[in-house]
Amino acid sequence: MIEYRAPNAEWTKNYGLSTAALTGRYMFNGAMALDVDKLKRLDEADTVSNEVIFCLNKLKTTIGNEGFGPESIVKLTMYLSDMAYQDEAETALVEFFGAADQPLYITIGAGLAADCRVEIEAVTEARTA
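The rules behind each value
Residues numbered from 1 in each chain as written. Predicted model: local features only at pLDDT ≥ 70, side-chain atom pairs only at ≥ 80, totals over all residues. Heavy atoms only, no water. Helix = DSSP H or I, 4+ residues; strand = E, 2+ residues; numbered from the N terminus. Buried < 20%, exposed > 50% of the residue type's maximum accessible area, 1.4 Å probe, protein only. Contact = heavy atoms within 4.5 Å. Areas by Shrake-Rupley, 256 points an atom, 1.4 Å probe, with all protein chains shown as cover. Core = buried A, V, L, I, M, F, W, Y, C linked by side-chain atoms within 4.5 Å. Axes fitted to C-alpha atoms, helices over the stretch in contact; angles between N-to-C directions. Parallel < 35°, antiparallel > 145°, perpendicular 65-115°, else oblique. Left-handed = near helix turned anticlockwise from the far one by under 90°. Nonpolar A, V, L, I, M, F, W, Y, C, P; charged D, E, K, R; others polar. Expected span 1.5 Å × (residues − 1). Arc of directions from axis to C-beta. Polar contact = N/O pair within 3.5 Å; in protein donor to acceptor, adjacent residues only side chain to side chain. Phe/Tyr/Trp six-rings, centres within 6.5 Å; stacked < 30°, edge-to-face > 60°.

1. Quick look at the overall build of the protein
(1) Moving on: Looking only at helices and strands, the protein has three helices and eight strands in total.
(2) Moving on: Of the regular secondary structure in the protein, the N- to C-terminal order runs β-α-β-β-β-β-α-β-α-β-β.
(3) Moving on: For the protein, the residues scored as buried account for 38% of the 129 residues in total.
(4) Moving on: Here the analysis covers contacts within the protein between residues at least 6 apart in sequence; of these, 69% occur between residues at least 24 apart.
(5) Moving on: Total accessible area on the protein is roughly 7,200 Å²; 50% of this is exposed by carbon and sulfur atoms.

This is the structure we're talking about:
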């Protein structure tokens, strides 16, 4: 059975957004530094690095609410609105996880909502047994 987590019923109704989905074995979730009421990037995401760190902290909080930590992240997909941001974004990943502990990741250029430069999706191992 799939369980969905939505931070706000209006987000789901108006934008089709949910925070996470749990399948029993894996948790899938995503994060953007997006103010959904104003449809603009949050002020604290003033640099690409800060935007990456914001997204990773948001993912950490979401998986933490389910009892899992960043060490449970199996794979990240990092979407960038411009691949020129790749070096700064990947440096922020290393800063967050440490050089030896970062999960498998892929970086993809994509069109993103509003003026966001970064969106990160995570696959987390969520088995409790």
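2. Here we look at the nonpolar core
(1) Moving on: With 24 residues, the main nonpolar core has Val52, Leu56, Leu59, Leu76, Met78, Val118 and Ile120 as its most contacted residues.
(2) Moving on: Counting residues per element, this core draws most heavily on helix α2 (residues 48-65), at seven residues.
(3) Moving on: Aside from chain neighbours lying at most four places away, what touches Met78 is Val52, Ala89, Glu90, Leu93, Ile106, Thr107, Ile108, Val118, Glu119 and Ile120.
(4) Moving on: The next biggest cluster of nonpolar side chains, apart from the first, holds six residues, and it includes Met32, Leu34, Val36 and Cys116.

3. Focus on the packing of α2 against helix α3 (residues 86-97)
(1) Moving on: In contact at an axis separation of 8 Å, α2 and α3 are set at 45° when each is read in the N-to-C sense. For the element pair α2 / α3, the angle class is oblique. Helix-helix and strand crossings are classified by hand; for α2 and α3 the assignment is right-handed. Counting all contacts with α2, which are made through Val48, Ser49, Val52, Ile53, Leu56, Asn57 and Lys60, the residues of α3 involved are Glu88, Ala89, Ala92, Leu93, Glu95, Phe96 and Phe97.
(2) Moving on: A per-class count over the contact of α2 with α3 returns nine nonpolar, two polar and three charged.

4. Digging into α3
(1) Moving on: Spanning 12 residues, α3 covers 17 Å between terminal C-alpha atoms, matching the ideal 16 Å at 1.5 Å per step.
(2) Moving on: Within α3, burial applies to Ala89, Glu90, Ala92, Leu93 and Phe97. When α3 is viewed along its axis, its buried side chains cluster within an angular range of 155° and face the same direction. Residues of α3 that are exposed and point over 90 degrees away from its buried face: Asp87, Thr91 and Glu95.
(3) Moving on: Trailing α3 by a residue or two, Gly98 shows a phi angle of about 95°, which is positive.

5. A few points about the environment of Leu112
(1) Moving on: Within the element layout of this structure, Leu112 appears in the loop between β7 (104-109) and β8 (118-125).
(2) Moving on: With near-sequence residues (within four places) excluded, Leu112 lies in contact with Met32, Tyr79, Leu80, Ser81, Arg117, Val118 and Glu119.

6. Quick look at the side chain of Thr107
(1) Moving on: Position of Thr107 among the secondary structure elements: in strand β7.
(2) Moving on: A relative accessible area of 15% places Thr107 in the buried class.
(3) Moving on: Among the polar contacts listed, one links the side chain of Thr107 to the side chain of Glu90, at a separation of 3.3 Å.
(4) Moving on: Here Thr107 is in contact with Met78, Leu80, Met83, Gln86 and Glu90, once residues within four sequence places are set aside.

7. Here we look at the packing of aromatic side chains
(1) Moving on: Going through the model one piece at a time under the given rule, you end up with two aromatic pairs.
(2) Moving on: Taken together, a centroid distance of 6.4 Å and an interplanar angle of 55° make the contact between Tyr26 and Phe28 tilted.
(3) Moving on: Taking relative accessible area as the criterion, Phe28 reaches 38% and is therefore assigned partly exposed.
(4) Moving on: Where Phe96 meets Phe97, the ring centres are 4.9 Å apart and the plane angle is 80°; that geometry is what we call edge-to-face.
(5) Moving on: Residue Phe96 is classed as partly exposed on the basis of its relative accessible area, which comes to 22%.

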